Structures are given as structure tokens and as C-alpha cells.
Amino acid sequence: MTVRDIVLWPDPRLTDVCARIAAITPEIETLATDMLETMYDAPGRGLAGPQVGAMQRIFVMDTDWKEGSPAPMVFINPEIEARSAAQSVQREGCLSIPGITVEVSRPKEVTLRWTDLAGQETRRVFSGFAAACVQHELDHLNGIVTLDHLTEVARASAEADYAEALS
């Protein structure tokens with residue numbers, strides 16, 4: 001296992017749409033293992049391919065490890081099949097935009113379909129914080145960061161805070 005460098009905003013890779021993964025190869029398995037190791041080391045609760053420079057449709061997540069036992073998940077070629085009409089506003093941080101949290105409104109519940117590392121297609125309903133996390137990571141695969149969810153004024157303020165945090 002290797003802890004990889006996390007790509008920081010405004011790196012242009014964070015605005016690119018990632019390619020589908022055609023097959024689960026040993027390289028993909030290594031990438032997933034490295035991504036989990038990197039996420040735990042950061043320490044985060046989710047990490048997407050482009051955040052480690054891998055422009056492929058993969059993300060990892062473990063929303064419970066900070067409060068209990070680790071329950072790592074690997075999502076390959078994830079797609080949201082359904083979204084609740086009800087919305088939830090939560091503060092979100094991002095490992096690629098360290099030191100900044102912003103309020104993002106997202107569906108409270110989503111049904112996600114993905115392939116796991118064993119090659120099995122999986123579906124699951126996520127709600128609450130886990131729903132926000134899968135949507136956040138899926139955004140990364142589509143070239144979207146948390147700042148893209150903000151109004152122009154709120155984004156300018158967050159960008160100024162980020163620039164100050166980096167200096």
C-alpha cells in the first residue's frame with residue numbers, strides 16, 4: 001500500500017470528467033488499496049480518482065471509521081439511479097481544498113449503482129451524511145468541486161479564504 005499525493009485545487013485535473021473503467025485489473029485493485037490508504041492517512045472519509053491523479057471513475061469511502069470500526073467501500077463506475085426530492089444542506093470539506101468547508105445543498109437520499117472490486121454490480125440507498133459523501137465523490141468524477149455549488153459571491157469568499165489558508 002502506498003499513500004499517494006493528493007491533487008490540490010485549482011489543478012485542472014479536478015475539472016475533467018473521468019473515463020469509465022473497462023475492467024478490474026491488478027492496477028485498479030492497487031489503485032483502490034492506495035486510495036483507501038491515502039484517504040485514511042489524510043484523514044478523510046472519501047477520495048476520488050482525480051484527487052490522486054487517476055482520471056478514472058473510481059472512488060473510495062468510509063463514513064464511519066472515525067466513530068467506530070472501519071468499513072471501507074470501493075465504487076467503480078458509480079451512477080446515481082434515483083434522488084430524493086427532499087434536500088439537505090451540510091458543511092462539506094474536501095481533501096483537495098484543505099482548510100475550507102462550505103455549505104452544499106444535496107438530495108437527502110440517493111440510490112447508487114456501482115461495480116465493486118469483485119466485479120459485482122451493487123445497488124444501495126444512501127441517506128444523510130453517507131448520501132452527501134457519495135454525491136461529493138461522484139461530483140469529482142464529473143469534474144465538479146464543492147466550490148462549483150456556491151453562488152458567485154460565496155465562491156469568491158471561499159476562494160479568498162483558501163488562498164489565505166495556503167499562504
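As a starting point, this report considers the structure included with it. Per chain, the residues get numbers from 1 upward, laid out in the order the sequence is written. For a predicted model such as this one, the threshold for reporting local features is a pLDDT of at least 70, and the threshold for listing and counting side-chain atom pairs is 80 or more; totals across whole chains, interfaces and linings nevertheless cover every residue. Processing note: side-chain calculations cover all non-hydrogen atoms of the structure and skip hydrogens and water entirely.

So, on to the packing of aromatic side chains. Two aromatic rings from Phe, Tyr or Trp, using only the six-membered ring of Trp, form a pair when their centres are within 6.5 Å; if the ring planes differ by under 30 degrees the pair is stacked, by over 60 it is edge-to-face, and anything between is tilted. Overall, the coordinates contain five aromatic pairs when judged by the stated rule. Pairing phenylalanine 75 with phenylalanine 126 gives two aromatic rings, centres 6.1 Å apart and planes at 55°, and the pair type is tilted. Of the two residues, phenylalanine 75 sits in strand E3 (residues 73-83) while phenylalanine 126 sits in strand E7 (residues 121-127), which places them 51 residues apart along the sequence. Phenylalanine 126 carries the same exposure label as phenylalanine 75, and that label is buried. Aromatic pair tryptophan 114 and phenylalanine 126: ring centres 6.0 Å apart, planes at 40°, arrangement tilted. Here tryptophan 114 is found in strand E6 (residues 109-115), whereas its partner phenylalanine 126 is found in strand E7, with twelve residues between them in sequence. Taken together, the ring pairs in this structure connect Phe59, Phe75, Trp114 and Phe126 into an aromatic cluster. Here a helix means four or more residues in a row that DSSP labels H or I, a strand means two or more in a row labelled E, and each is numbered from the N terminus. Each residue's exposure class comes from its accessible area (1.4 Å probe, protein chains only) as a fraction of the maximum for that residue type: buried when under 20%, exposed when over 50%, partly exposed otherwise.

In plain words, nonpolar cores are sets of buried Ala, Val, Leu, Ile, Met, Phe, Trp, Tyr and Cys residues tied together by side-chain atoms within 4.5 Å. Within the largest apolar cluster, 17 residues are counted, with the highest numbers of intra-cluster contacts made by Phe59, Met61, Phe75, Leu112, Phe126 and Val134. Among the elements of the structure, strand E2 (58-61), E3, E6 and helix H2 (128-141) are those that each provide at least two residues to this core. For this core, the element with the most residues is H2, which contributes six residues. Not counting residues up to four positions away in its chain, the partners in contact with valine 134 are Phe59, Met61, Phe75, Val110, Leu112 and Phe126. Residues Ile21, Met39, Leu47 and Ile76 belong to the second largest nonpolar core, which totals 14 residues. Any two residues whose heavy atoms approach within 4.5 Å are treated as being in contact.

As for its placement among the helices and strands, alanine 158 is situated in helix H3 (residues 152-166). Classification of alanine 158 as buried rests on a relative accessible area of 5%. Sequence-wise, alanine 158 and leucine 147 are eleven residues apart; in three dimensions their C-alpha atoms are separated by 7.5 Å.

Another aspect to go through is the sheet that holds strand E1 (residues 46-48). In a beta sheet, neighbouring strands are held together by backbone hydrogen bonds and run either parallel or antiparallel to one another. Two strands are counted as paired when DSSP detects at least two bridges linking them. Within the open sheet, the five strands sit side by side as E1-E2-E3-E6-E7. Their pairing is antiparallel. The sheet terminates laterally at E1 and E7, the two strands that pair on one side only. Taking the axes of each pair of neighbouring strands and ignoring which way they run, one obtains an average angle of 40° across the sheet. Note that E6 and E7 share seven bridges and pair antiparallel. What sits directly across from arginine 113, in E7, is arginine 123. Sitting on the sheet, helix H1 (residues 26-41) is in contact with E1, E2 and E3, with an inclination near 40° to E2. For every element, the axis is a line fit to its C-alpha atoms; helices are fit only across the contacting stretch, and the angle between N-to-C directions ranges from 0 to 180 degrees.

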